[in-house]
Amino acid sequence: MNKTEVFFSRLAGEGAVLVSVASTKGSAPRERGAWMAVFAQDLIGTIGGGHLEFQAIDAARARLAGAPGEPVLRFALGPSLGQCCGGVVHLQFECVTLADVPALRERLAPRLQPVALFGGGHVGAALARVIAMLPFSLTWIDSRDGIFPQDVPADVRCEYSDPVQSAVKDLAPGSRVIIMSFSHAEDLDIVAACLQRQRARADLPYIGLIGSKTKWATFRHRLEARGFTAEELAHITCPIGVPGIQGKEPEVIAVGVAAQLLQLQI
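Presented here is a report on the structure given in the accompanying data block. (Residues numbered from 1 in each chain as written. Predicted model: local features only at pLDDT ≥ 70, side-chain atom pairs only at ≥ 80, totals over all residues. Heavy atoms only, no water.)

1. Details of unusual backbone geometry
No. 1: Between D162 and P163 the backbone carries a cis peptide bond, its omega angle lying at 5°.
No. 2: Within the secondary structure layout, P163 lies in the loop between β8 (157-160) and β9 (176-179).
No. 3: For the bond running from C238 to P239, omega is 0°, close enough to zero to count as cis.
No. 4: Mapped onto the elements, P239 comes out in the loop between β11 (236-237) and α8 (250-263). (Helix = DSSP H or I, 4+ residues; strand = E, 2+ residues; numbered from the N terminus.)

2. Details of the nonpolar core
No. 1: F118, I179, C194, L209, W216 and L223 are the most contacted members of the largest nonpolar core, which totals 26 residues.
No. 2: Secondary-structure elements contributing two or more residues to this core are β6 (113-118), β9, α5 (184-201), β10 (206-209) and α6 (213-225).
No. 3: When residues in this core are grouped by element, the largest group, seven residues, is from α5.
No. 4: Beyond its immediate sequence surroundings of up to four residues, L209 is in contact with I179, D187, V191, K215, W216, F219, I236, T237, C238, P239 and I240. (Core = buried A, V, L, I, M, F, W, Y, C linked by side-chain atoms within 4.5 Å. Buried < 20%, exposed > 50% of the residue type's maximum accessible area, 1.4 Å probe, protein only. Contact = heavy atoms within 4.5 Å.)

3. Considerations on the packing of helix α4 (residues 122-131) against α8
No. 1: In the contact formed by α4 and α8, the axes pass within 8 Å of each other and the chain directions differ by 50°. As judged from the angle between their axes, α4 and α8 are oblique. As for the relative orientation of α4 and α8, their crossing is right-handed in sense. Listed contacts from α8 to H122, V123, A126, L127, R129, V130 and I131 of α4 are P250, E251, I253, A254, V257, A258 and L261. (Axes fitted to C-alpha atoms, helices over the stretch in contact; angles between N-to-C directions. Parallel < 35°, antiparallel > 145°, perpendicular 65-115°, else oblique. Left-handed = near helix turned anticlockwise from the far one by under 90°.)

Below you can see the structure in the form of structure tokens.
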């Protein structure tokens, strides 16, 4: 369950004050729209910023106790807050209850970019865990029964597809595709299916293939034999991950690939 749903479920038992970043100027710890829900004893989410957040929590709990207050407060991120960011943050304070959930659900819905991950092996499992914590909507695809772990993150959608490349046609528009199946033959078929879709729709902004430069050289020749042009093949990223990160452990690879996806956010 993501933090938004945890927030909504908590509202069934008690009210809260929703503190959100209304606007910023200059350097600030969080962006416009970032939020935290302050309850009497704890909180969900963060607006960042150390003393900024401490003061916001105090102001929110005063409102929970019935004290009046302006709906929007201005905070200068300077010496008075023990900070040197130099920016200004305006925070909005809203008392909310269970009755506000329908409106909040639409307003706070995270803007997630779709990611399709082909391959349920060790690297795929590590990458799925990392991506599940980031602003992505993950579809995890494999051709093998029983390959997905039982503790898949709640917001990850697992899909069995045989042949595996047949899932490409149903991917959400704008999907970032990561290919790391158990088989080089499957990898090749998935890449080819992605290139066919890109040729027809041009709606897959990133197609990443795990492997070495030698693997990609072999794949490139085979894909050229299938009729794909050099321009089309240039759309494939192989190797994947942020350059310069060493190590072949699944978790290291996962962090590098996730970082590359974040660099591609639009």
